[in-house]
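The lines below spell out each chain.
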Amino acid sequence: MRSVQVQRCSFAPRSSRHIVAASKAAAAPSSQLADPWERAQDMMLQGTVSEGTIVGYNKGGVLVDIGELKGFMPYTKIAPERLRAGHKGDLSYLMGKKVKARIVQVDKDSARKELVLSERQAQLTEAVLRFQVGQVVRAQVLRLEDYGALLSIYDGSGKPSGVQGLLHKSELSWDLVMTVDDIVKAGQEVDVKVVSVDVSRCRVSLSLKQMQRDPLQTTLDSIQWGETTLALPEVKQIIQVLEWTPGIKRVDIGRQAEEAHTVSQDVELYLTKQSREGGFALVARVGRVLQELLVDTGLSKDDMKKALTRVLSRVGRS
């Protein structure tokens, strides 16, 4: 039996007074600002990087023209390599320079509209975009937390990319993990797989356990199945939620087996590739116990996968 598992970026000083700005045509009527501000809000939520021109400055930062709107980029949000040593707050040398920026704050509803930009966040966003789900990367463990480890991800040349990733406790190992330092130590370098990239929040999620094949996928080909002696409470709950799912007619308990050791800390549910007329065969894994479930349904394979994801979500909350 073969299976496919169904499972489960800065803030600025509010004051931008005394800005020295280049001249520009009079502002458009407020009625015409609605679309640009709405677009700015959307760009912020999506993590879009824009290119603009520095058209003004004060001791707190610079004013950037990004098209239909101008935004303030605080001194702390300007890339360090752009700042001259000993400038003493005189940022006039930046006038007319092109700069990439991300919108990090939009205040379009107050009497004084504000748009806050960050070059540092734009650089981080572009660095995050270099990583793709499924990619294997080298990283160094920066620190350990109860919920996982924070890693510094290296680029293709083996140098720190500036991007940090979370290696969640649940992605450390297929074996039972009591504490994070059972698996990784601060300063250790590891090869990990990218499992998600959230550009809007500049977050990368990593997995160490997915560098190895799920033991269940190997086990299902050789395990000795037997009769079900006792249906675990978690299995009964899965059956109950499945039977509440529209499109599922009936769920029966099939065979049962036991693995040599616990390979997961969570309840898991798999859709097997076993051919079955009028439905599907599932495998629930609870600790060491594997439970076969036989489902009668008219749902397609894709719809069944979506249903299993919802089932796991509900079981996990209970």
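In the annotation of an unreviewed UniProt entry, the protein is listed under the name S1 motif domain-containing protein and assigned to Tetradesmus obliquus.

Peer 1: Looking at this structure, I do not really get the overall build of the protein. What am I missing?
Peer 2: When you go through the protein residue by residue, the secondary structure sums to five helices and 16 strands. Each of the 318 residues in the protein was classed as buried or not, and the buried ones make up 42%. Entry remark: accessible area of the protein is about 17200 Å², with carbon and sulfur atoms responsible for 48%.

Peer 1: Please clarify how the sheet that holds strand 10 (residues 160–168) should be interpreted in this entry.
Peer 2: The strands making up a sheet are joined through hydrogen bonds of the backbone, oriented either antiparallel or parallel. The strand order around the closed barrel formed by five strands is 8-9-10-12-11, and the pairing between neighbours is mixed. Pairs of neighbouring strands in the sheet enclose a mean axial angle of 50°, with direction left out of account. Its contacts with the sheet place helix 2 (residues 119–128) against strand 10, strand 11 (189–198) and strand 12 (203–207), and it is angled at close to 65° to strand 10.

Peer 1: What should I look at first to understand the pattern of salt bridges in this one?
Peer 2: Close approach of charged atoms lets side chains of opposite charge pair. Under the defined criterion, the tally for this structure stands at twelve salt bridges. Here Glu126 ties to Lys100 by a salt bridge, and the two come within 3.1 Å at their closest N and O atoms. Residue Glu126 is located in helix 2, and its partner Lys100 is located in strand 6 (residues 98–107); the two are separated by 26 residues in the primary sequence. Look at Glu126 and you get partly exposed, because its relative accessible area is 27%.

Peer 1: Teacher, can you tell me more about the pairing of strand 10 here?
Peer 2: Strand residues, when the strand is regular, have side chains that alternate between the two faces of the sheet. Note that strand 9 (residues 148–154) and strand 10 share six bridges and pair antiparallel. Counted as the bridge partner of Leu150 is Leu166 from strand 10. What sits between strand 9 and strand 10 in their antiparallel hairpin is a turn of five residues, with Gly158 showing a positive phi close to 85°. Note that strand 10 and strand 12 share three bridges and pair parallel. The residue bridging Leu166 from the neighbouring strand is Ser205, located in strand 12.

Peer 1: Would you take a moment to explain helix 4 (residues 233–244) for this structure?
Peer 2: The periodicity of an α-helix, 3.6 residues per turn, causes residues three or four positions apart to be oriented the same way. Over its twelve residues, helix 4 extends 17 Å from the first C-alpha to the last, a length consistent with the 16 Å expected when each residue adds 1.5 Å. Residues Val235, Ile238, Ile239, Val241 and Leu242 constitute the buried set of helix 4. Buried residues in helix 4, looked at end-on, bunch into an arc of 170°, giving them a common side. Across from the buried face of helix 4, at angles greater than 90 degrees, the exposed residues are Pro233, Lys236 and Trp244.

Peer 1: Can you walk me through the side chain of Asp65 in this structure?
Peer 2: Along the chain, Asp65 falls in strand 4 (residues 61–65). Classification of Asp65 by relative accessible area gives buried; the value is 17%. Polar side-chain contacts of Asp65 include one of 2.8 Å to the backbone nitrogen of Gly67.

Peer 1: Mind showing me how you'd approach the environment of Asp191 here?
Peer 2: Structurally, the position occupied by Asp191 is in strand 11. A residue is classified by how much of its surface remains accessible, and Asp191, at 36% relative accessible area, is partly exposed. In this structure, the C-alpha to C-alpha distance between Asp191 and Arg138, residues 53 residues apart in sequence, is 4.6 Å. Contact partners of Asp191, with chain neighbours within four places excluded, come to Val136, Val137, Arg138, Leu208 and Met211.

Peer 1: Would you explain unusual backbone geometry in this entry?
Peer 2: Negative phi is the rule for most residues except glycine; trans is the rule for most peptide bonds. Positive phi, normally seen in glycine, also occurs at Cys202, with a value near 55°. Assignment of secondary structure puts Cys202 in the loop between strand 11 and strand 12.

Peer 1: Please clarify how the environment of Val251 should be interpreted in this entry.
Peer 2: Along the polypeptide, Val251 turns up in strand 13 (residues 248–258). Here the alpha-carbon distance between Val251 and Phe280, two residues 29 residues apart in the chain, equals 9.8 Å. Apart from residues no more than four positions distant in its own chain, Val251 is found in contact with Ile239, Leu242, Glu243, Leu293, Leu294 and Val295.

Peer 1: Help me out: how do you make sense of the pairing of strand 4 in this one?
Peer 2: Most of strand 4 sits out of view: five of its five residues are buried. Two elements, strand 3 (residues 49–58) and strand 4, share five bridges in a ladder whose sense is antiparallel. Counterpart to Gly56 in the pairing with strand 4 is Leu63. A loop of two residues connects strand 3 with strand 4, the two strands running antiparallel in sequence.

The rules behind each value
Residues numbered from 1 in each chain as written. Predicted model: local features only at pLDDT ≥ 70, side-chain atom pairs only at ≥ 80, totals over all residues. Heavy atoms only, no water. Helix = DSSP H or I, 4+ residues; strand = E, 2+ residues; numbered from the N terminus. Buried < 20%, exposed > 50% of the residue type's maximum accessible area, 1.4 Å probe, protein only. Areas by Shrake-Rupley, 256 points an atom, 1.4 Å probe, with all protein chains shown as cover. Pairing = 2+ DSSP bridges. Axes fitted to C-alpha atoms, helices over the stretch in contact; angles between N-to-C directions. Contact = heavy atoms within 4.5 Å. Salt bridge = Lys/Arg side-chain N within 4 Å of Asp/Glu carboxyl O. Expected span 1.5 Å × (residues − 1). Arc of directions from axis to C-beta. Polar contact = N/O pair within 3.5 Å; in protein donor to acceptor, adjacent residues only side chain to side chain.

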